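# An overview of the molecular structure
One-letter residues, chain by chain:
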Amino acid sequence: MQVKDHAAPTVAVWRWRWAALAALLTAEAMNLLDATVVQVAAPVIRADLGGADSVVQWVSAAYTLPFAALLITGGRLGDALGRRRVFVAGTAVFALASVACALAPSTGVLLAARAVQGTAAALVVPQTFGLIKAMFAGPELARALGSIGPVMGLAAVCGPVLGSVLTHADLCGSSWRAAFLVNVPLAAAVLAAAPLLREDRAAQRPRPDLPGTGLAVLGTALVVHPLIACGAAGLPARGAAELFSGALVLVVFALQQRRGARGGRSPLVEPSLFRGRGFPAALVLSALFFAVVNGLTSVVVLQLQLGLGSGVLAAGLSLLPWSCALAAASWAAGAHLVPRHGARVMFAGLAVLLAGLLGALAAYHAARPGSYPWPLLVALAVGGAGNGLFTVPFFTAALSRVRPHETGSAAGLLNAVQQFGGTLGIALLGSVFFRALSAGAPGAASLVGARHAFWLAAGLLAAATAAAAVLYADGRSRPVPSGAEADTVM
């Protein structure tokens, strides 16, 4: 079958659009599964391959750091080289990297393969929105875009459970390695369906911003590395210097982006996004909120496996109330609450998440060392509901005031900051937990570490609420730009 390139995204309805959509959604779900499936497998990986406590955090961070730093660059490559071409290349590399993870003989090899996975995911994920717009038009476009949310919710539910079941099953002695091998048949199915995708690229091909990409990668790595590496020892002078250097590199990145835009080049980030208060507040809110939710779920797994000695299956099933409530609340917010109440639902989500967080603190406080904190399951269900209630109105509010020509940069930057925030949360809250764990017997010390981590999360959530207030106030004071609704990613 001959597939012609199309500069315009929706010249005609594409014959194979629904089968192609299934391939795109499978790829999206595969990448989300890979980010969540290792949450419960990470302690087992460390026990098998050895290494410091920080290996548990690096198994996730080695994937999410390059994913976050290269998301916008991946989108630009699709604009320039063709979105289907980049999507296929990213999926193939992702499959090969998954095999490398499954066969890794050491921690170093595994983390390197995880970094390649994250890089490949940054090539795959940004192409989905553009490819859908190239194949669908009119009401079908809204239906196609609306299918992303439920699929992602299902993947979020299945990730920790699938990881725990595969690791616990120990198929043919594979243990945690099966959690990576599950990507191979999914990637093979996506590649088999790839010829059904319609090729698409931007009418004006942007030039790659290699200096900007390098600065973004270096800055984020320098910020996250010392926070994970410090572990139980605290942040030494060398780590503090590394953290300061990372912040400085990110400042240089911001200045380089502004200078590139003034010089007529194609920067990774549109500087016009930062003219008002709303979008910068959205970035801060995204980083803080996802630092809280990713960090909390990571600490829950660590406390159960390292503190109580629970098996990987018990730890994975313990996150099921969170995931199920998240999916249900996301549907309720998108279908009923946000259309009626708008961005105010954000604050309901933050309040419900705080209630779940405080419930978890009470469960950890009342639990006896060595015993399973059963009330924690109720608290996790409440927290997951808060997560779902927040996410839909947040992205709507963050992107509703973005101008049409800024949409691609804004959506990519929000996704990148979300991934970076999640990585930061795993680093911060995980390090707080490990520091307390090293100070006493695992049973009692793990409860103390979980409480300390959750109190830190409460502080981050308070800061997130302040950022949400700025975003909400900015949205009420500024009109929606003409055409923004049609181009906004929901």
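Note that the structure is a prediction, hence the values are computed from the model and not measured. (Residues numbered from 1 in each chain as written. Predicted model: local features only at pLDDT ≥ 70, side-chain atom pairs only at ≥ 80, totals over all residues. Heavy atoms only, no water.)

### Some words on the layout of surface pockets
The rolling of a water-molecule-sized probe over the atoms marks out the regions of remaining empty space. In this structure, the second largest pocket occupies an estimated 770 Å³ of space. Every element with two or more residues in the lining of the second largest pocket is listed here: helix H3 (55-81), helix H11 (210-229), helix H12 (237-262), helix H13 (278-307) and helix H18 (407-437). Broken down by element, the lining of the second largest pocket gets its largest block of residues, six residues, from H12. Here the lining of the second largest pocket is built from residues that sort into 21 nonpolar, three polar and three charged. (1 Å grid on protein atoms, 1.4 Å probe; cavity = no way out; pocket = protein on both sides within 12 Å on 5 of 7 lines; lining within 4 Å. Points joined across faces, edges and corners; volume = space filled by probe spheres on them. Helix = DSSP H or I, 4+ residues; strand = E, 2+ residues; numbered from the N terminus. Nonpolar A, V, L, I, M, F, W, Y, C, P; charged D, E, K, R; others polar.)

### With respect to the packing of helix H1 (residues 17-37) against helix H6 (residues 127-135)
With their axes 11 Å apart at the nearest point, H1 and H6 run at an angle of 175° to one another. The angle between H1 and H6 falls in the class roughly antiparallel. Note on element contacts: H6 touches H1 through Thr128, Leu131, Ile132 and Met135, opposite Arg17, Ala20, Leu21, Leu24 and Glu28. (Axes fitted to C-alpha atoms, helices over the stretch in contact; angles between N-to-C directions. Parallel < 35°, antiparallel > 145°, perpendicular 65-115°, else oblique. Contact = heavy atoms within 4.5 Å.)

### Considerations on the nonpolar core
Counting residues in hydrophobic clusters, the biggest one holds 86 residues, and the most contacted among them are Leu285, Phe394, Leu414 and Phe454. Setting aside residues up to four positions removed in sequence, Phe394 forms contacts with Ala282, Leu285, Ser286, Met346, Leu414 and Leu471. (Core = buried A, V, L, I, M, F, W, Y, C linked by side-chain atoms within 4.5 Å. Buried < 20%, exposed > 50% of the residue type's maximum accessible area, 1.4 Å probe, protein only.)

### Some points on empty space enclosed by the protein
Counted under the stated rule, the structure contains two cavities of 30 Å³ or more. Considered as a void within the structure, the largest cavity measures approximately 70 Å³ in volume. In terms of lining residues, the largest cavity is bounded by Val38, Gln39, Ala42, Val56, Gln57, Ser60, Ser298, Val301, Leu302 and Ile426. Among the elements of the structure, H3 and H13 are those that each provide at least two residues to the lining of the largest cavity. What the second largest cavity holds in volume is close to 60 Å³. Mapped by element, the contributors of at least two residues to the lining of the second largest cavity are H13, helix H16 (345-366) and helix H17 (375-400). With four residues, H16 is the largest single contributor of residues to the lining of the second largest cavity.

### Re the environment of Gly130
Take Gly130: it is sitting in helix H6. Residues Gly130 and Arg84 lie 46 residues apart in sequence; the distance between their C-alpha atoms is 9.5 Å. When neighbours within four sequence positions are excluded, Gly130 is seen to be in contact with Arg83 and Asp200.

### Comments concerning a nonpolar patch on the surface
Taken together, the side chains of Phe244, Leu248, Val251, Val252 and Leu255 define a hydrophobic patch exposed on the protein surface, amounting to about 490 Å² of accessible area. Relative to the elements of secondary structure, Leu248 occurs in helix H12. Residue classification places Leu248 among the partly exposed positions, given a relative accessible area of 48%. (Patch = residues over 30% accessible without salt bridge, like charges linked within 9 Å, V, L, I, M, F, W, Y side chains within 5 Å. Areas by Shrake-Rupley, 256 points an atom, 1.4 Å probe, with all protein chains shown as cover. Salt bridge = Lys/Arg side-chain N within 4 Å of Asp/Glu carboxyl O.)

### Topic: the pattern of salt bridges
The final tally for this structure, using the stated rule, is four salt bridges. The salt bridge involving Asp34 is made with Arg114; its shortest N-O contact spans 2.5 Å. Here Arg114 lies in helix H5 (residues 107-124) and Asp34 lies in helix H1, a separation of 80 residues in the sequence. Grouping residues by exposure puts Asp34 and Arg114 together as buried. Linked through salt bridges whose partners overlap, the residues forming this network are Asp79, Arg83 and Asp200.

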